[in-house]
Amino acid sequence: MAVHDPFYGSRALKRTAGALAPAGVFAVWGEAPDAAFVKRLDGAGFLVERRRPGKGGLRHAVYVARKV
């Protein structure tokens, strides 16, 4: 996703962080790991944990981002 994406871009993630209470949580499901998305979440002020639910085969990624 591009940095200027209206939902997952840098500016949108900063607005999301601003809307959350201190220590608020923002979770996003994705089809695959995305290092650039993790970097944008980090830049927006989130502490990010990527979870890979399921065992074996095709597994998706869930990003749990906590506002710091």
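This text goes with the structure placed above it.
A quick note: this is a predicted structure, and the numbers were derived from the prediction, not measured.

Participant: I'm lost on the packing of aromatic side chains in this one. Help?
Facilitator: Describing an aromatic ring pair means giving the distance of the ring centres and the angle of the ring planes. In this structure the tally under the stated criterion is 4 aromatic pairs. Between the aromatic rings of phenylalanine 7 and tyrosine 8, the centroid separation amounts to 6.4 Å while the plane-to-plane angle is 55°, which identifies the pairing as tilted. For phenylalanine 7, a relative accessible area of 61% corresponds to the exposed category. For the pair tyrosine 8 and phenylalanine 37, a centre-to-centre distance of 5.9 Å together with 85° between the ring planes defines the contact as edge-to-face. Taken together, the residues tyrosine 8 in the segment before helix H1 (10–19) and phenylalanine 37 in helix H2 (residues 35–43) connect sequence positions 29 residues apart. For tyrosine 8, a relative accessible area of 28% translates into the label partly exposed. Overall, the relative accessible area of 4% leaves phenylalanine 37 in the buried class. Grouped by ring-pair contacts, the aromatic residues Phe7, Tyr8, Phe37 and Tyr63 constitute a single cluster.

Participant: Would you explain the sheet that holds strand E3 (residues 61–67) in this entry?
Facilitator: The strands making up a sheet are joined through hydrogen bonds of the backbone, oriented either antiparallel or parallel. Taken together, the 3 strands give an open sheet; going across it, the order is E1-E3-E2, and neighbouring strands pair in antiparallel fashion. Of all strands in the sheet, those with a lone pairing partner are strand E1 (25–30) and strand E2 (46–51), marking the two edges. In this sheet, neighbouring strand axes are inclined to one another by 20° on average, regardless of whether the strands run parallel or antiparallel. Most of the contacts of H1 go to E2, to which it runs at about 105°, and overall it touches E1, E2 and E3.

Participant: Looking at this structure, how should I read the pairing of E1?
Facilitator: Each regular strand displays side chains that alternate between the two surfaces of the sheet. Taking every second residue as pointing to the same face, the buried face of E1 carries Phe26, Val28 and Gly30, while none of Val25, Ala27 and Trp29 on the other face is buried. With 6 bridges joining them, E1 and E3 adopt antiparallel strand pairing. Bridge pairing in E3 places alanine 27 opposite valine 64.

Participant: Is there a simple way to think about the pairing of E3 in this case?
Facilitator: In terms of strand pairing, E2 meets E3 through 6 bridges, oriented antiparallel. The residue of E3 that forms the bridge with glutamate 49 is valine 64.

Participant: Is there a simple way to think about the pattern of salt bridges in this case?
Facilitator: Tallied over the full model, the rule gives 1 salt bridge. Two residues, glutamate 49 and arginine 51, come together in a salt bridge whose shortest N-O distance is 3.0 Å.

Reading guide: rules and limits
- Residues numbered from 1 in each chain as written.
- Predicted model: local features only at pLDDT ≥ 70, side-chain atom pairs only at ≥ 80, totals over all residues.
- Heavy atoms only, no water.
- Phe/Tyr/Trp six-rings, centres within 6.5 Å; stacked < 30°, edge-to-face > 60°.
- Buried < 20%, exposed > 50% of the residue type's maximum accessible area, 1.4 Å probe, protein only.
- Helix = DSSP H or I, 4+ residues; strand = E, 2+ residues; numbered from the N terminus.
- Pairing = 2+ DSSP bridges.
- Axes fitted to C-alpha atoms, helices over the stretch in contact; angles between N-to-C directions.
- Contact = heavy atoms within 4.5 Å.
- Salt bridge = Lys/Arg side-chain N within 4 Å of Asp/Glu carboxyl O.

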